[in-house]
Amino acid sequence: MRGRKWKTKRVTVGEVLAWIDSALDVKSFDDVSNNGLQIAREGDEVSLVAFAVDGSAESVKAAAAAGAQLLVVHHGISWGGGIRRITDSEYAVVKAAMDANVALAAYHLPLDANKKYGNNWELARYLGLKRVSPAFTYHGNVIGVVGYNAHGKKIGVCSGGAGEEVVEAKRLGCDLYVTGEASWGDRIAAENVRMPMVCAGHYETETFGVKALARGVSAALGVSTVFLDRPGSDGAKK
C-alpha cells in the first residue's frame, strides 16, 4: 500500500452503508446473513473503505494496516439469530476490530444478486455472456444468472457454494454450469443428469462483486477504497 495516493474526501460510516443499502436493495432480501453493520467503531468519520470477501481477523488487520476505518465484506460474522457468544472464531474477529477501531459491515445475498455490482452479473460480464437474465433461487431469492456465450451456448452462473443448483441448470437447458464449489453429492448429481459443471473456487467467484462494489462506493461518494485479497491468492483476474 506504501506510496499509494488516496482520495482526500471523508464520509461517515452511516453514509457509506446507507448508499450500499440502497444500491443493493438490501430490504428486498430474506437473507440468513445480518446484512449491514455488524461491528461498530468509535467515531464515524471514514477516509478509506476496505473491501474483502471474508470478515476474518486477518482481513480486519489488513484493513487497519491499510489505514481503513471501515471494512465491507461478503461473508460477515453475524448470521441468523446473531452472535450468541463471542468465543473462538468470532472473538478473534471482534478483538481485531476493536483493537484497531475498524468497523465491519457485511452484504451477502444482495451482493450475489445485484445487476450492477453483484457477483453473478459481474461474472457473466467477465465471461462475455450476452442476453443475461436472472436465474437460480436460493431461500426465495433469485441470485444467479443465465446467459449465452459467443458460440450460442447457454451458461448458468451462480457463485460461491451453489453446486446444489446443478440440477436446476439442467432444467433450464444450460450447456454449462459455473459455480464456486460443490459437494460430492452435487458432483454426482451433475454426473447423473449429464450437466457439465465448472467449480472455479468459492472465494475466487465471489471477488467479482466485492471489487465492483468498491468501485461503486468510490465513484458515488468520492471516498478512497481498496480491495484486500487473501494472502497467497491471485483472486479473480478482474
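The structure contained in this document is the topic of the report that follows. (Residues numbered from 1 in each chain as written. Predicted model: local features only at pLDDT ≥ 70, side-chain atom pairs only at ≥ 80, totals over all residues. Heavy atoms only, no water.)

Some points on the pattern of salt bridges
In the structure shown here, the tally under the stated rule is seven salt bridges. Glu-122 serves as the salt-bridge partner of Arg-215, at 3.2 Å between the closest nitrogen and oxygen. Residue Arg-215 is located in helix H9 (residues 207-221), and its partner Glu-122 is located in helix H5 (residues 119-126); the two are separated by 93 residues in the primary sequence. Taking the relative accessible area as the measure of exposure, Glu-122 reaches 4% and is therefore buried. A cluster of three or more residues bridged by salt bridges with shared partners is formed by Glu-122, Arg-125 and Arg-215. (Salt bridge = Lys/Arg side-chain N within 4 Å of Asp/Glu carboxyl O. Helix = DSSP H or I, 4+ residues; strand = E, 2+ residues; numbered from the N terminus. Buried < 20%, exposed > 50% of the residue type's maximum accessible area, 1.4 Å probe, protein only.)

Quick word on the sheet that holds strand E2 (residues 36-39)
Read from one edge to the other, the open sheet built from five strands follows the order E2-E6-E5-E4-E12, with strand pairing classed as mixed. One side of each edge strand has no neighbouring strand; the edge strands of this open sheet are E2 and strand E12 (224-227). In this sheet, adjacent strand axes meet at a mean angle of 30° when their direction is disregarded. This element, H9, spans strand E4 (48-54), strand E5 (70-75) and E12 of the sheet and lies at about 165° to E4. (Pairing = 2+ DSSP bridges. Axes fitted to C-alpha atoms, helices over the stretch in contact; angles between N-to-C directions. Contact = heavy atoms within 4.5 Å.)

Details of the environment of Val-217
As for its position among the elements, Val-217 is in helix H9. In the structure, Val-217 is positioned 200 residues away from Leu-17 in sequence and 9.5 Å away in space, judged by C-alpha atoms. Among residues more than four places away in sequence, those in contact with Val-217 are Val-16, Trp-19, Ile-20, Phe-51, Gly-222, Val-223 and Thr-225.

A word on the packing of aromatic side chains
Here a ring pair, both rings aromatic, is described through the centre-centre distance and the interplanar angle of the planes. Applying the stated criterion to the full structure yields three aromatic pairs. Summarising the aromatic geometry, the rings of Trp-19 and Tyr-117 are spaced 5.7 Å apart at their centres and angled 65° between planes, so their arrangement reads as edge-to-face. Linking Trp-19 in helix H1 (residues 13-23) with Tyr-117 in the loop between helix H4 (109-113) and H5, this pair joins segments that are 98 residues apart in sequence. Residue class for Tyr-117 comes out buried when judged on its relative accessible area of 10%. Sitting over the ring of Tyr-148, Arg-131 keeps its end group 4.1 Å from the ring centre. (Phe/Tyr/Trp six-rings, centres within 6.5 Å; stacked < 30°, edge-to-face > 60°. Lys NZ or Arg CZ within 6 Å of the ring centre and 35° of its normal.)

Re a nonpolar patch on the surface
Residues Ile-83, Ile-86 and Tyr-91 make up a contiguous nonpolar surface patch of roughly 280 Å² in combined accessible area. Of note, Ile-83 is situated in the loop between E5 and helix H3 (88-100). Classification of Ile-83 by relative accessible area gives partly exposed; the value is 34%. (Patch = residues over 30% accessible without salt bridge, like charges linked within 9 Å, V, L, I, M, F, W, Y side chains within 5 Å. Areas by Shrake-Rupley, 256 points an atom, 1.4 Å probe, with all protein chains shown as cover.)

Digging into the nonpolar core
Here is a general trend for soluble globular proteins: nonpolar side chains tend to be buried in one another's company. In terms of nonpolar packing, the biggest core is built from 26 residues, with Val-16, Ile-20, Leu-70 and Tyr-107 touching the most fellow members. Elements that contribute at least two residues to this core include exactly H1, E4, E5, strand E6 (103-106) and H9. It is H9 that provides the largest number of residues to this core, a total of six residues. Dropping the residues within four chain positions of it, Val-16 is found in contact with Val-11, Val-49, Leu-70, Val-217 and Leu-221. Counting 21 residues, the second largest nonpolar core, distinct from the first, contains Ala-66, Leu-71, Val-73 and Ala-106. (Core = buried A, V, L, I, M, F, W, Y, C linked by side-chain atoms within 4.5 Å.)

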